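One letter stands for each residue in the lines below.
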Amino acid sequence: MADHTHTGWRPEDRAATGHTTGQRPISPMLANLYLDTLDEALLDADHVLIRYADDFIVLARSRKHAEAALDLTRDVLERLTLRLNPLKTRIVHFDDGLEFLGWYFVRSLAIPRTWHDTVPKNFKATAPPSPSSKTATKIQSADVSPDTASLPEQTTSTTSTGAEPEPDKPPRETIQDAAPEDPEFNHPLPPLAPLQRTLYLVDKQVRLSVDNQRYQVERDGKTILNLPAHQVDQIMLFGPVQVTTQTLQLAARNDCSLSYLSYLGRYYGRFDPETGRQITLLQAQFTCHADPAFQLDIARRIVAAKLHNSRLVLARGQRHLKSSPLDLSANQRLKQIEQSLKTATSVESLRGSEGAAAALYWRAFAELVPPPWQFSKRLARPAPDPVNAMLSLGYTLLYQAVAGLLQARSLNAHLGMLHLPGGNHLALASDLMEVFRAYVVDATVLRLLRTRQLDPQAHSIQSEVCSLGNDTIRTFIRALEDRFNSIQQHPQTETEMDLRRIIDHDILTLARALRSNNTNEFQATRWR
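The text that follows walks through the structure, step by step, so that each part is easy to find. Keep in mind that this is a model prediction, so the values were computed, not measured. (Residues numbered from 1 in each chain as written. Predicted model: local features only at pLDDT ≥ 70, side-chain atom pairs only at ≥ 80, totals over all residues. Heavy atoms only, no water.)

1. Points about the pairing of strand 20 (residues 465-468)
Only one face of strand 20 is buried, namely the one carrying Cys 466 and Leu 468, since none of Val 465 and Ser 467 on the opposite face is buried. Judged from the four bridges that link them, strand 19 (residues 459-462) and strand 20 form a sheet pairing that is antiparallel. By the bridge assignment, Gln 462 is partnered in strand 20 with Val 465. In sequence, strand 19 turns back onto strand 20 through a hairpin of two residues, with Ser 463 there showing a positive phi of about 55 degrees. (Buried < 20%, exposed > 50% of the residue type's maximum accessible area, 1.4 Å probe, protein only. Helix = DSSP H or I, 4+ residues; strand = E, 2+ residues; numbered from the N terminus. Pairing = 2+ DSSP bridges.)

2. Digging into helix 11 (residues 386-408)
An α-helical turn contains 3.6 residues, so any two residues separated by three or four positions project in the same direction. Here helix 11 is 23 residues long and its end C-alpha atoms lie 33 Å apart, about the 33 Å a rise of 1.5 Å per residue gives. Counting buried positions along helix 11 gives 23 out of 23 residues, so the element sits mostly inside the fold. The residue sitting at the N-terminus of helix 11 and contributing the capping side-chain oxygen is Asp 385; that oxygen lies 3.1 Å from the backbone nitrogen of Val 387. Downstream of helix 11 by a residue or two, Ser 410 has a phi angle that is positive, lying close to 65 degrees. (Expected span 1.5 Å × (residues − 1). Polar contact = N/O pair within 3.5 Å; in protein donor to acceptor, adjacent residues only side chain to side chain.)

3. Quick notes on the nonpolar core
Nonpolar side chains in soluble globular proteins tend to end up buried together. Counting 95 residues, the largest nonpolar core has Phe 238, Phe 365, Val 387, Leu 391, Leu 406 and Leu 432 as its most contacted members. At 14 residues, the largest contribution of residues to this core is made by helix 11. Counting contributing residues, this core receives three or more from each of domain 2 (198-271) and domain 3 (279-521). Setting aside residues no more than four positions away along its own chain, Val 387 makes contact with Phe 365, Val 369, Trp 373, Gln 374, Phe 375, Val 445 and Leu 449. Among the nonpolar cores identified, the runner-up in size contains 18 residues, and Val 206, Leu 237, Val 241 and Ala 251 belong to it. (Core = buried A, V, L, I, M, F, W, Y, C linked by side-chain atoms within 4.5 Å. Domains from an automatic or database assignment. Contact = heavy atoms within 4.5 Å.)

See the structure below:
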């Protein structure tokens, strides 16, 4: 019922959270009548409630009181056949900020949601502040810049510490000045509520534990990072990082997933907390998955969007070529393959067309890789060179991002339409990430190479397997997070949102298609 409800908490230093979800929008009057039971329950328990229709926050003087209010809210809503939306419900301190009824509340400040609409049209937007700067730290603490990637192995340059870059390394701004910024990466950042805030642990020697409802990262017995659990939505563990049982329990209580990967980025598995499943949606998903015609049409739309976006990345990359122009015949052939998908009669023929298009794409992509970097063809695992290694790492992180959003939307990530399900493969995550591979990951890799932000020698190769250096991994993850957080105009809705929300929009349209058994409801993002 309630499509959108915010819940907030506030202690003496003040804290806050937010949101329930239901089946369909309802009028404010009906919401007031239906949620009267919730109002009485919270007020009888001496909680401070502020509600407008289906939006509400609950103020509390401590985290303990906030958690008690959250538990009570869940119990009451369950009796009302409603549930909390995990994407919109959180316990958050007022120092971190929250959005309520179109306003952002940060400490004692109240900022209107539409502040960026007053910016003059001829105002030139600047790139987002570097996470290594004090400004970036202050912006994040005010919840203005969405999502941060924390890399504990180099805490001196993460937004979570607010420290300056190491003195023996040039600041990121200096490195980025080596080449002009791409317009497609240069977007203003209006304030958005955080989505999929990710903690990356890439140091083999660290240990992840718990300290008073906070994630604590330790190395050699010393704490190098300490983050409130409610500020982390997912954790990426690279290599043999030690994780305590208490950490898993805290993650489960805060709806935080953990992904286990090798140090080279190979995916092993996920820990996902139990969330309220929408049984009717799952039933519809299984029914549609068993329908060959439905499966074929969804797969066709995914592959067509992938080829369209791949052609766009190649065309934009050509602008930066200083020597021979890109062979346009590859782009034209990709367009022909995209158009031929309309006559495909099986998913197997779609996969064949996709394979032929991939061979063309990677030959054209190789021409965009600037010297001294070497790239001849796409080899996933093992990756023989740093370009292939970065591509594989980026696809793994994109795969995890899509998997987390599918989990939040109560879809079974194992039931793919294009990719075959099997084992621990999240086939639906593989399906939906196809649309975003080139636009998110490939474009990020090309930009890093073109702007000379990476050391071509910062890797090692043993037995034809390339291992990226620590600095390269950190720089790449930060660049990919910047890409995820960049504000884009959605090509279908023309709404400004970050890339994670655009991925989530694709997932929501797929859910509508599954519920209605109508493939026309699914909108795979196609950039212009």
